[in-house]
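Each chain, letter by letter, is given below.
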Amino acid sequence: MGHAHAHSQAHTDSHGHDMQGHIVPVRTFFKVLVALLILTVITVAAAQVDLGKWNIVGALVIASVKASLVILVFMHGKYENKILWTYILLPFILLAIMIGGVFTDDPFRDRISHFKVSAE
Amino acid sequence: MSTSAIVDHNVPPGEPPIIHHMDSNTAYGAAKLGMWLFLATEVLLFAVMFCSFAIMRYYHLAEFHDASHHLNLWAGALNTAILLFSSYTAAVAVTKAQQGDNKGVARNFGISVFCGFLFLMVKTFEYTGKAHHGMFPFVWNSHFYEYKNFLGIYYCMTGLHALHVIIGMVVMTLYGIRPALKNRFSGKYYTPVELSALYWHLVDLIWIYLFPLLYLVG
Amino acid sequence: MSAHTHTAHGSEELNYLNWKTGIWSWLTSTDHKRICFLYLFAIMIFFIGGGIAALLMRTELAFSGSQFIKDPHTYNVLFTMHGVFMIFLFVVPGIPATLGNFLIPLMIGAKDVAFPRLNLFSWYLYVVGALIGGYAMLHPVDTGWTFYAPYSTTTDTSVSLMVFAAFVLGFSSILTGLNFLVTIHQLRAPGMTWMRLPVFVWASYATAVIQTVATPVVGMTLLLVIAERTFGAGIFDPSKGGDPVLMEHLFWFYSHPVVYIMVLPAFGVVGEIIPVFSRKPLFGYKMVVISSMAIAAVGFIVWAHHMFVAGISDFSAKFFSIVTFLVAIPTAIKVFNWVSTMYKGSISFATPMLYAMAFVFLFMVAGTTGIYLAMLGVDVYYHDTYFVVAHFHYTIQGGAVIGLIAALHFWFPKMSGKMYNETVSKVAFAFLFLGFNLTFIPQFVLGMDGMPRRYYDYPAQYQTLHTISTIGAYLNGFGYMFALVNLLWTAKFGKVKAPRNPYNSVSLEWQTQSPPIHENFPETPVVDKDPYHYGTATHTHA
Amino acid sequence: MLGLLGEQGSEFAHKVDFANDIVTIISVICTVAIVGTMLYFAVIYRQRDGKDHETPMIEGNNTLEVIWTVFPTLVCIWVAWLGYDSFVDLRSPPADAMEINVTGRKWAWDFQYKNGKKTTSEIVVPVDQPVKLIMTSKDVLHSFFVPVMRTKMDVIPGRYTYEWFKPIKTGDFQVFCTEYCGNEHSKMLARLKVLPRAEFDRWLADDSEERKLAALKPSDLGKELYAGKQCISCHSLDGTPRVGPTWLKAFGREGELADGTKYKIDENYIRESILNPQAKTVKGYPAMGMPSYQGQLSDDEITGIIEFIKTVDGSQKIDVAPEAPKKSAAAAGATPVERGKAIVHDTGNLCITCHSIDGSKLVGPSFKGLWGRQEKLSDGSTVTVDAAYIKESIWKPTAKIVEGYGPVMPAMYEGKLTDENLNDVIEYLKTLQ
Ligand code: HEA
Ligand code: HEA
Ligand code: CUA
Ligand SMILES: [Cu+2]
């Protein structure tokens, strides 16, 4: 069996049969860069105003928008298939599970509650 | 066949290497899936930090708030801009590779690596500043004792991130710039460029969250 | 099953074992089958090491009062070493890195895993991790395998080195899992659709997902323990404003899923063995597959059932108790389907089948005692008693290790090209099975009597049961030794050549020669049938 | 039923045992049924002649799959409920439970009763009396396990956890430490003695040496700290609101925090409020009002304060002990400005707890630029800040309230500061422009 003999694998999950991934024009990247920088300015500005706990919510929302832009455009996420997306999203889902799970604990810790008695 | 290498790069420039157990399309898909899986593990590495940050912030809200004001906001913002820009050039490098423009790959990755240097310089400047004020591991000044929880997690997070910056720079140099200088890439073969860029974007992605959490809202 | 499995043009004699020789050809081999042996060799060292530690512990515990170990610290070191060796160095790489490596490419009709060099690199990482861990044992760690803070952040033993070793081992595990995922996605032979994958491959897939995404969590957590120790990061140590319970959360976020890393491949092994020796298709193939994925998924949301009395909120305890029961359901589905596979079969009792049937019994005990522990009010009593110890030895040993031994016997002809002696292996099985139950059934009773774990010494009232347990442990150890020596001896000196397909199995790995050639199949096989196409009568439904 | 867990010592033990019995029965039935079926198949479908016989091509059965998905689900729901229900009992101490403080340390258990009596490695309780253990640790994790009572809870440094039980029989029972804690983990045992009521009372009142050895009882220690650590300046004992909420009947009080969430005052809440006051702010009180006592109070002292708060029912009266003006403050510095500065910044005087010197708004108006400022008062009038105004504000803090602030400044400076001191303060304030 020589090298030249390339085996075609029947059920590969890579997209299509040409190596050509999607070519994104540089212009698109540039637009995204500008958007990212503007969003950065907005985050910094928003943080100067005291909005209580909305500060962190806002900051995280903006950060997530930025992250989505990076994944979708810079990282070519827009052009990827379902399987790849499963593994793109999985860590974020697990992060949410982790924080969610830990937060079933700490904020509800022993307020040395008497829930039977106080329910009466 | 008994002496075959697994990945044989002995091919005309621009052609994909010969891999003894799969064809080049499969290899491309495999490499990309593998890289994304690896990125998933990296995200989960940082997930622990984010989770700890959330809990520590929950317990030490006021302290986090005050302490984050001791960070240099402008250094952080500057670094954000640097990383975003370097991420942009890394993305451009992929397009250049796809178009067979090896010089473009080297140039754009070069800029990314340079930005990595800048980033690290700014970080070093921040760290030494902190150390000077006794807000640094091993040289704690008791005056900042109440900020220890914030600073502890700050150093863990940014330190780990800086390590990733360094790895990313090495990867881009070895697997992007060096082969590009030898005209290795073409529309048919640019896997290493894409993978290195993916890694670098991840470094950027993490920072996108670190910056507001650490410098802005605390 | 496959249309293209004629013998290669060369001689039958050439196979992956002999096509290159010399120790160096092994240490630099990227052949997945050889890497299987590298792993087998390495993990067995730690199995024996951990086993010896266990026997020393059991000897000390045989009677109340201090026996031959004079100070408790030594005992604490022993169970830490036992736990760390057995978990991180033996059973986690256990089935996945050995049989997973050997079988996945063979079963899906590929020449190798997707990234062969990465595969070898994983093994070297393992070795580095093992060496660091071994080195750490020079100033031995006494934290238990769970490394709970603040004990682990304050004890003056070499915890930092040890957890760093675990971190490196974790990376090895991650890379193995990643490799398998890509392999299964990309390298299936023509016609090998997802629903034609053998259940072992499915189980390995589920395992690999857990390995890839859960392991980084413990890796980072352990790095934070180092950070806490070296510069007082103040995250886990309460005296610095940290939260020790957070450390437990993060630890179990990995360490619960890790128990499915151990046992899922064993499930897969049982799912392979029972159809072959019953001459029947695997009952409810699809449900078995779905249940593997379901176990992996649900496994991620139940971690705090290890912490019911750790000072977590009552709300949290209730939540995690309820979700824990969800894992019992897919597991039950598996058990029922295995047993149903035997219905109207034509059953023969080769050694692997005996192990598989023993597995069903042992895992029933293991799983149902897991249910005790998932029940809130009951776990408050059982937590950190010998009941838990017995539970997890039934799951890990009765499940994962028995699965590994079963698999080693089952695929032994393929791996070594020789047939082992049935009588000897059945005697070994008897020792193993009886010894195992004799060791750990008394420990359930001890747990019910309230005997706490990690105790160097105990009140005299517990003595009888401990003595029985110790006797059992020796029998058990003897059984392992017998079984392993039998296989090792056969591999080296055995005379009986194994045929290509000794069990008349239809799955792909048996269709190539025994042992397989370097790149598995002379030509890429084309698959056109289900993996369990047994059953000679007409196609019917029960 | 089956008596698997041995003697039952507490009221809820039978409930735990019942859950344990049921799951045992289910487990045994399931295991016997499944393994039995397997062995049955193995026997009747075995190859008798060592040859494969014909087998049907059965690939599955949907009805069966449904049955064996639903059946375990139902069983699980039932046992989950049993576990849940018994746990609720285990976590619901009645209000009249007798409280005992438990401290774990390497490698012994210390117990302290309400009256100050201390014991080590032996805990004595009266029969038929619910007992609530309020537990913490001095070093690493431990866990307090009383098998006969069926209860167990980890003991964590820096926090309180609790467990409770109601003994139903007298006797002498084993206590284990069940969280690994180092070398002597297996020797970290204690005895639990359950005595008849009368005998217990006698034991508790016993004034033998232990009692004398024991220092103050915790609530007395707390009372001393109340005055000594300046809690008094912000928290009243008689219900009047000061800078902080009153301690009158505070323990167990519920209410709303500034961010709208609910709070209930318990041990951990108090501990947190002392060590990390900014974490939670009661609605209507200043957010940055209280300085942290982190590092200033030991665990025992915090426990003392908690115990003291539990006792505050209006009968206590502690007056601000008229202290002689602090020497340090009075003598430091040659010039009036320096002396004034020393007084203002003396932590004992607490001025800067509520008044900033950099213009930021704390509980009270900032000192920066105070002198000569026009202040709008809450009654709508305006005043110019001069010496008389400042003096009045210090002697009678609530006489005039600047708009936007609360009447919260304690009248605690009478007798503490002299007129001369005040003049120095005024000189200093003048410099803060
Ligand atoms: C391979 C390893 C493995 C496996 C598979 C399991 C499986 C399970 N484990 Fe176990 N467990 C461990 C390894 C494992 N465990 C280890 C190592 C520890 C201790 C770690 C330490 O502290 O050091 C531990 C500890 C542990 C605890 C914590 C105890 C404590 O410390 O207090 C709990 C609590 O819920 C638990 C529960 C379960 C459950 C519900 C399952 C389920 O997955 C079981 C499901 C299976 C079945 C139920 C059988 C089949 C079902 C049927 C046939 C249906 C009919 C039956 C019923 C409806 C009941 N385990
Ligand atoms: C894979 C996991 C695994 C395995 C296989 C075992 C196997 C055994 N364990 Fe395990 N055990 C753990 C995982 C495991 N254990 C863990 C995680 C803990 C918790 C640690 C902690 O608390 O931190 C624990 C704790 C633990 C305790 C509790 C200690 C305590 O709490 O104080 C005990 C006590 O009896 C015990 C006993 C045994 C025994 C007798 C065996 C025996 O079955 C071992 C038998 C095996 C051998 C004796 C090897 C013999 C083989 C040979 C000699 C082969 C020779 C062959 C050639 C030369 C080819 N173990
Ligand atoms: Cu204290 Cu174990
Ligand atoms: Cu678990």
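Conventions adopted
Here the residue numbers are simple positions, counted from 1 along each chain's written sequence. Lettering for chains starts from A, numbering for ligands starts from 1, and both go in the order in which the items are written. Per-residue local features are limited, in this predicted model, to residues with pLDDT of at least 70; the limit for side-chain atom pairs, both in listing and counting, is 80 or more; totals at the level of whole chains, interfaces and linings are taken over all residues. Hydrogens and waters are ignored; side-chain quantities use all the structure's heavy atoms. For Na, K and Ca the donor cutoff is 3.2 Å, while for all other metals N, O and S atoms must lie within 2.8 Å; water is not among the atoms, so some sites may look incomplete. Secondary structure elements are defined from DSSP: runs of H or I of at least 4 residues count as helices, runs of E of at least 2 residues count as strands, and each element is numbered from the N terminus. The classification of residues rests on relative accessible area computed with a 1.4 Å probe and restricted to protein chains. Under 20% of the type maximum is buried, over 50% is exposed, and intermediate values are partly exposed. Being paired, for any two strands, means DSSP has found at least two bridges between them. Axis angles are defined between N-to-C directions and span 0 to 180 degrees, where every axis is a line fitted to C-alpha atoms and, for a helix, only to the segment in contact. The criterion used for residue contact is that any of the two residues' heavy atoms lie within 4.5 Å. The term salt bridge refers to a pairing of a side-chain nitrogen on Lys or Arg with a carboxyl oxygen on Asp or Glu at a separation within 4 Å. Geometry assignment treats four donors as tetrahedral when all angles are between 85 and 135 degrees, treats four as square planar and six as octahedral when opposite donors are over 155 degrees apart and all others between 65 and 115, and treats everything else as irregular. Throughout this description, the term nonpolar core refers to a set of buried Ala, Val, Leu, Ile, Met, Phe, Trp, Tyr and Cys residues connected via side-chain atoms within 4.5 Å. Note on terms: buried area is the combined drop in 1.4 Å-probe accessible area of two parts once they are placed together, counting the loss on both. The term polar contact refers here to a pair of N or O atoms within 3.5 Å; inside protein, the definition further demands a hydrogen-donor-capable atom paired with an acceptor-capable atom, and it admits residues adjacent in sequence only when both atoms are side-chain atoms. For this classification, the nonpolar set comprises Ala, Val, Leu, Ile, Met, Phe, Trp, Tyr, Cys and Pro, the charged set comprises Asp, Glu, Lys and Arg, and every other residue, Gly included, is treated as polar. If even one non-hydrogen atom of a residue comes within 4 Å of a molecule or strand, that residue is called near it. The labels follow the angle: roughly parallel below 35 degrees, roughly antiparallel above 145, roughly perpendicular from 65 to 115, and oblique for the rest. For a crossing to be left-handed, the near helix must be turned anticlockwise from the far one by less than a right angle; the clockwise case is right-handed. pLDDT expresses, on a scale from 0 to 100, how confident the predictor is about each individual residue. Pairing of aromatic side chains requires ring centres within 6.5 Å, counting the rings of Phe and Tyr and the six-membered ring of Trp. Pairs whose planes differ by under 30 degrees are stacked, by over 60 edge-to-face, and all others tilted. Without a salt bridge and with relative accessible area above 30%, a residue can belong to a patch; like charges are then joined within 9 Å and nonpolar side chains (Val, Leu, Ile, Met, Phe, Trp, Tyr) within 5 Å. Here, Shrake-Rupley sampling with a 1.4 Å probe gives the accessible areas, and only protein chains in the shown set may cover a residue.

**Some points on the coordination of the copper ion (ligand 4)**
All names here are of chain C. In this structure, His256 (ND1), His305 (NE2) and His306 (NE2) serve as the protein donors to the copper ion (ligand 4), at separations of 1.9 to 2.1 Å. Read in sequence order, the donor residues for the copper ion (ligand 4) give the motif H-x48-H-H. Separating the copper ion (ligand 4) from the iron atom of ligand 1 is a distance of 4.4 Å. With His256 in the loop between helix H8 (244-255) and helix H9 (257-278) and His306 in the loop between helix H10 (285-298) and helix H11 (314-341), the pair connects residues that are 50 residues apart, well separated along the chain. Residue His256 is classed as buried on the basis of its relative accessible area of 4%. The class for His306 is partly exposed, based on a relative accessible area of 23%.

**Observations regarding the sheet that holds strand E10 (residues 171-177) of chain D**
Adjacent strands of a sheet pair through backbone hydrogen bonds, lying either parallel or antiparallel. All names here are of chain D. If you trace the five strands from one edge of the open sheet to the other, you get E5-E11-E10-E7-E8, paired in mixed fashion. Edge positions in the open sheet fall to strand E5 (122-126) and strand E8 (151-155), since each of these has one partner strand only. Each adjacent strand pair in this sheet contributes to an overall mean axis angle of 20 degrees, direction not counted. Bridging between strand E7 (residues 142-146) and E8 involves five bridges; their strand directions are antiparallel. Counterpart to Val146 in the pairing with E8 is Thr151. Taken strand by strand, helix H3 (residues 197-205) contacts E5 and strand E11 (190-195), and its axis lies near 130 degrees from that of E5.

**What about the pattern of salt bridges?**
Between side chains of opposite charge, a pair can form when the charged atoms approach closely. All names here are of chain D. Counted by the stated rule, this structure contains 29 salt bridges over all chains. In this structure, Glu7 engages Lys169 in a salt bridge whose closest nitrogen and oxygen atoms are separated by 3.6 Å. In this pair, Glu7 is assigned in the segment before helix H1 (13-44) and Lys169 in the loop between strand E9 (161-165) and E10, connecting sequence segments 162 residues apart. Glu427 is the salt-bridge partner of Lys430, the closest N and O atoms lying 3.3 Å from each other. You can see Lys430 and its partner Glu427 sitting in helix H12 (residues 419-431), three residues apart, about one turn around the helix. Relative accessible area serves as the criterion here: at 33%, Lys430 is assigned to the partly exposed category. Sharing partners across several salt bridges, the network here consists of Glu99, Lys114, Glu267, Glu307 and Lys310.

**Some details on the coordination of the iron atom of ligand 2**
All names here are of chain C. The protein atoms donating to the iron atom of ligand 2 are His82 (NE2) and His393 (NE2), with metal-donor distances spanning 1.9 to 2.0 Å. Taken together, the six donor atoms surrounding the iron atom of ligand 2 define angles of 85 to 180 degrees at the centre, an arrangement classified as octahedral. You can see His82 sitting in helix H3 (residues 72-108) and its partner His393 sitting in helix H14 (residues 386-410), a full 311 residues away along the chain. Here His82 and His393 have matching classes, each one buried.

**Describing the nonpolar core**
Residues Leu99(C), Phe147(C), Trp411(C), Phe144(D) and Leu192(D) are the most contacted members of the largest nonpolar core, which totals 391 residues. When residues of this core are assigned to their parent elements, the largest contribution, 23 residues, is made by helix H1 (residues 24-59) of chain B. Dropping the residues within four chain positions of it, Phe147(C) is found in contact with Val84(C), Phe88(C), Val141(C), Ser152(C), Val159(C), Met162(C), Val163(C), Leu222(C), Met247(C) and Phe251(C). Of all hydrophobic cores here, the second largest spans 25 residues; its members include Leu237(D), Tyr263(D), Ile265(D) and Ile270(D).

**Describing the interface of chain D and chain C**
By a widely used convention, the size of an interface equals the accessible area lost when the partners come together. If you look at the interface, chain D gives 77 residues, while chain C gives 89 residues. Approximately 7,300 Å² of surface area, both sides summed, lies buried where chain D meets chain C, with 66% of it carried by carbon and sulfur atoms. In terms of surface lost to chain C, no three residues of chain D exceed Met57(D), Ile58(D) and Tyr180(D), which account for 11% of the buried area on that side. Counting every contact that joins chain D to chain C gives two salt bridges. Arg91(D) is the salt-bridge partner of Asp314(C), the closest N and O atoms lying 3.0 Å from each other. Where chain D meets chain C, there are 21 residue pairs in polar contact (both at pLDDT 80 or more). Looking at the side of chain D that touches chain C residue by residue, the class counts come to 40 nonpolar, 21 polar and 16 charged.

**As for the site of ligand 2**
Residues and elements named next belong to chain C. The environment of ligand 2 is made up of 35 residues, and the closest members are Arg58, Tyr75, His82, His393 and Arg454. Between ligand 2 and the protein, one listed contact pairs an oxygen atom with a side-chain N or O atom of Gln397 at 2.7 Å. A distance of 2.7 Å separates an oxygen atom of ligand 2 from a polar atom in the side chain of Asn476. At the level of elements, helix H2 (32-61), H3, H14, helix H16 (422-448) and helix H17 (463-493) are the ones that each hand at least two residues to the shell around ligand 2. Each residue belonging to the shell around ligand 2 can be placed in one class, and the counts come to 23 nonpolar, nine polar and three charged.

**So, the site of ligand 1**
Contacts to ligand 1 come from 32 residues, most closely from Tyr260(C), Asp379(C), His383(C), His391(C) and Arg453(C). Looking at the residues close to ligand 1, they fall on chains C and D. Between ligand 1 and Ala374(C) there is a distance of 3.2 Å, counted from an oxygen atom to a backbone nitrogen or oxygen. At the level of secondary structure, the elements contributing two or more residues to the shell around ligand 1 comprise H9, H11, helix H12 (351-374) and H14 of chain C together with H1 and helix H2 (62-90) of chain D. For the shell around ligand 1, the leading source of residues is H12(C), giving seven residues. Looking at the shell around ligand 1 residue by residue, the classes come out as 21 nonpolar, nine polar and two charged.

**Topic: the pairing of E9(D)**
Residues and elements named next belong to chain D. Most of E9 sits out of view: five of its five residues are buried. The alternating pattern of E9 places Thr161, Glu163 and Phe165 on one face and Tyr162 and Trp164 on the opposite face, and all of these are buried. In terms of strand pairing, strand E6 (residues 131-137) meets E9 through five bridges, oriented antiparallel. Looking at E9, one finds that Leu133 is bridged to Glu163.

**Overview of the packing of H3(C) against helix H7 (residues 199-231) of chain C**
All names here are of chain C. Running from N to C, H3 and H7 cross one another at 130 degrees; their axes reach a closest spacing of 10 Å. With respect to their mutual orientation, H3 and H7 come out oblique. Considering how the two elements wind past one another, H3 and H7 form a crossing that is left-handed. Residues Ile95, Pro96, Leu99, Gly100, Leu103, Ile104, Met107 and Ile108 of H3 form the contact with H7, whose own contacting residues are Phe200, Val201, Ser204, Thr207 and Gln211. Residue composition of the contact of H3 with H7, grouped by class: nine nonpolar, four polar and no charged.

**Remarks on the sheet that holds strand E2 (residues 98-105) of chain D**
Residue and element names in this part refer to chain D. Strand order in the open sheet formed by five strands is E4-E3-E2-E6-E9, with mixed pairing between adjacent strands. Lying at the two open borders of the sheet, with one neighbouring strand each, are strand E4 (118-120) and E9. Here the average twist between neighbouring strands, direction ignored, is 25 degrees.

**Things to note about the pairing of E2(D)**
All names here are of chain D. Among the eight residues in E2, seven count as buried, and that is most of the element. Sheet topology note: the E2/E6 ladder contains seven bridges and is parallel. Counted as the bridge partner of Gly104 is Ser137 from E6. Both E2 and strand E3 (residues 108-112) contribute to a ladder of five bridges, which runs antiparallel. If you follow Arg105 over to E3, its bridge partner there is Ala108. Between E2 and the antiparallel strand that follows it, E3, lie two residues.

**A word on the confidence of the model for chain D**
Parts of the model with low pLDDT should not have their predicted coordinates read in detail. Residues and elements named next belong to chain D. Of the residues in chain D, 88% reach a pLDDT of 70 or more, and the chain-wide mean stands at 82. Scored below 50 in pLDDT, residues 320-331 makes 17 contacts in the model with residues more than four places away or belonging to other chains. The ipTM for the predicted assembly is 0.90, set against a pTM of 0.84.

**A few points about the packing of aromatic side chains**
Residue and element names in this part refer to chain B. Scanning all chains against the criterion turns up 93 aromatic pairs over all chains. Pairing Phe50 with Tyr209 gives two aromatic rings, centres 6.3 Å apart and planes at 70 degrees, and the pair type is edge-to-face. Taken together, the residues Phe50 in helix H1 and Tyr209 in helix H6 (residues 191-217) connect sequence positions 159 residues apart. When sorted by exposure, Phe50 lands in the same class as Tyr209, which is buried. Ring plane angle 70 degrees and centroid distance 5.3 Å describe the contact between Tyr127 and Tyr155, whose orientation is recorded as edge-to-face. Within this pair, whereas Tyr127 is found in helix H4 (residues 102-132), its partner Tyr155 is found in helix H5 (residues 148-181), the two being separated by 28 residues in sequence. For Tyr127, a relative accessible area of 19% puts it in the buried group.

**Notes on a nonpolar patch on the surface**
On the surface, a nonpolar cluster with roughly 560 Å² of combined accessible area is contributed by Val49(A), Leu51(A), Trp54(A), Val57(A), Val61(A) and Val65(A). Residue Val57(A) is classed as partly exposed on the basis of its relative accessible area of 37%.

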